[in-house]
Amino acid sequence: MKFTINRSAFIKELTNVQRAISSKTTIPILTGLKIDVSTDGITLTGSDADISIETTIPADDDNNTLVVEEPGSVVLTARFFSEIVKKLPEDTMTVALVDGFQTQITSGAASFTINGLDPDNYPHLPEIDTTNTITLAGDVFKELIGQTVIAVSNQESRPILTGVHFILKDGEFLAVATDSHRLSQRKIKLPEANNADYDVIIPGKSLTELSRMIGDNNPDVQMRLSENQVLFVLGNTAFYSRLLEGNYPDTSRLIPKESNTTVEIEAPALSAAIERASLLSHESRNNVVRFSVNPTDKTITIFGNSPDVGEVTEKLQPAELSGDELEISFNPDYMKEALRSFGQAMIKISFTMALRPFTLVPTEDGENFIQLITPVRTF
């Protein structure tokens, strides 16, 4: 195996593949990066058994300035190899097998020789043989992940809640996540008719890593499913993730159908006020912010305090306010994350009672995106 390549082009693909490589794996070879060289190009593979990423650097792309002198394969310790490649002195580098799986990396006057492993011992990637492919616009899918993954649980005691529930039915793509304290739900109408029906749970950690890989040069993301794996294809990169097994709870019954009090306000203005109130609530033991609605003078009041530090009160004038007087308490961090997911939008908050979950939706397109937060009992 021997090839010469533009270093920055190689680093770009190496960075993507490294997202799947963990130093904490129980399978030693998975701390390595598999490099497979053929006359067509270089294939880089990384995996931690939950996520696997495979990307191809094509030989016919002039930006790569790739010259393959001899095909071959090797597995190199990802951490050392990556650090070496990033610190090499010249714009190009040459990688070659010199003795068994010992690999020499040269660039300018610098030359490293590191020990490699037999690529035949590297686990095979899952085979996903399906004709059903869902194609999603990259920017829309990235936004959907950002809006839902905030509500997944970090508690391994209920593993099913550490994932996002995806349902495809009648051309409608639904994503739901909940950690039992909050919920996020987003719907997308697929532009092309898709007869497939899917019901899968994808780990939140996988989606977070996938989201970081979706850039401006990935206009479309293809999604393919098998029994226990999902494959996302982004250009020359394949991203595999295991699926979570089990039945996701029925979340539709958690969303209130009616409300007694509604407030319409710009998400950034409310987010900034909650941020200020949480400066003090974070210092208290229970981290709670109080939110009161006064229909008489059409104002809302946000109150945060810490017995050791002091208190903060802020009044806001929403664009619209209707219904009953209300006082409710909640975790400000949940509220800030929910508000951030709406960007600059005007939102409508609907309350039923002080101890019942409340919902946040954008005033436009409220049918397709909803955040729900469970209040905190403070007495």
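In the nomenclature of an unreviewed UniProt entry, the protein is known as Beta sliding clamp of Lactiplantibacillus daowaiensis. For the record of the protein, the UniProt heading Subcellular location (unreviewed entry) holds the text "Cytoplasm". UniProt, in the comment section headed Subunit (unreviewed entry), describes the protein in these words: "Forms a ring-shaped head-to-tail homodimer around DNA."

S.K.: What is the right way to look at the packing of helix H5 (residues 267–281) against helix H6 (residues 332–340) in this model?
M.R.: Relative orientation and spacing of two packed helices are given, respectively, by the angle between their axes and the distance between those axes. Contact pair H5 / H6: the axes reach a minimum separation of 9 Å and the direction vectors enclose 155°. Taken together, the axis directions place H5 and H6 in an arrangement best described as roughly antiparallel. As for how H5 packs across H6, the hand of that crossing is left-handed. In this structure, H5 uses Ala-267, Leu-270, Ser-271, Ile-274, Glu-275, Ser-278 and Ser-281 to contact H6, whose residues at the interface are Pro-332, Met-335, Lys-336 and Leu-339. Split into classes, the residues belonging to the contact of H5 with H6 amount to six nonpolar, three polar and two charged.

S.K.: How do you make sense of the pairing of strand S17 (residues 229–234) when you look at a structure like this?
M.R.: A regular strand places its side chains so that they alternate between the two faces of the sheet. Among the six residues of S17, six are classified as buried, and the element is accordingly described as predominantly covered. Judged by which residues are buried, S17 turns out to be covered on both faces: Gln-229, Leu-231 and Val-233 on one side and Val-230, Phe-232 and Leu-234 on the other are all buried. Bridging between strand S16 (residues 220–225) and S17 involves four bridges; their strand directions are antiparallel. Bridging across to S17, Leu-225 finds its partner in Val-230. Turn length for the S16-S17 hairpin, with the two strands adjacent in sequence and antiparallel, is three residues. Of the pairings in the sheet, the one linking S17 to strand S18 (residues 237–242) comprises six bridges and is antiparallel in character. Within the sheet, the bridge partner assigned to Val-233 lies in S18 and is Ala-238. The loop that links S17 with its antiparallel partner S18 comprises two residues; one of these, Gly-235, has a positive phi angle of about 60°.

S.K.: How do you make sense of the environment of Val-200 when you look at a structure like this?
M.R.: Looking at where Val-200 falls in the secondary structure, it is placed in strand S15 (residues 198–203). It is 8.3 Å that separates the C-alpha atoms of Val-200 and Val-164, two residues lying 36 residues apart in sequence. Those residues in contact with Val-200, other than ones at most four positions away along the chain, are Val-164, His-165, Phe-166, Leu-225 and Leu-243.

How each quantity is defined
- Residues numbered from 1 in each chain as written.
- Predicted model: local features only at pLDDT ≥ 70, side-chain atom pairs only at ≥ 80, totals over all residues.
- Heavy atoms only, no water.
- UniProt positions renumbered as here; feature names shortened; annotations may be inferred.
- Axes fitted to C-alpha atoms, helices over the stretch in contact; angles between N-to-C directions.
- Helix = DSSP H or I, 4+ residues; strand = E, 2+ residues; numbered from the N terminus.
- Parallel < 35°, antiparallel > 145°, perpendicular 65-115°, else oblique.
- Left-handed = near helix turned anticlockwise from the far one by under 90°.
- Contact = heavy atoms within 4.5 Å.
- Nonpolar A, V, L, I, M, F, W, Y, C, P; charged D, E, K, R; others polar.
- Buried < 20%, exposed > 50% of the residue type's maximum accessible area, 1.4 Å probe, protein only.
- Pairing = 2+ DSSP bridges.

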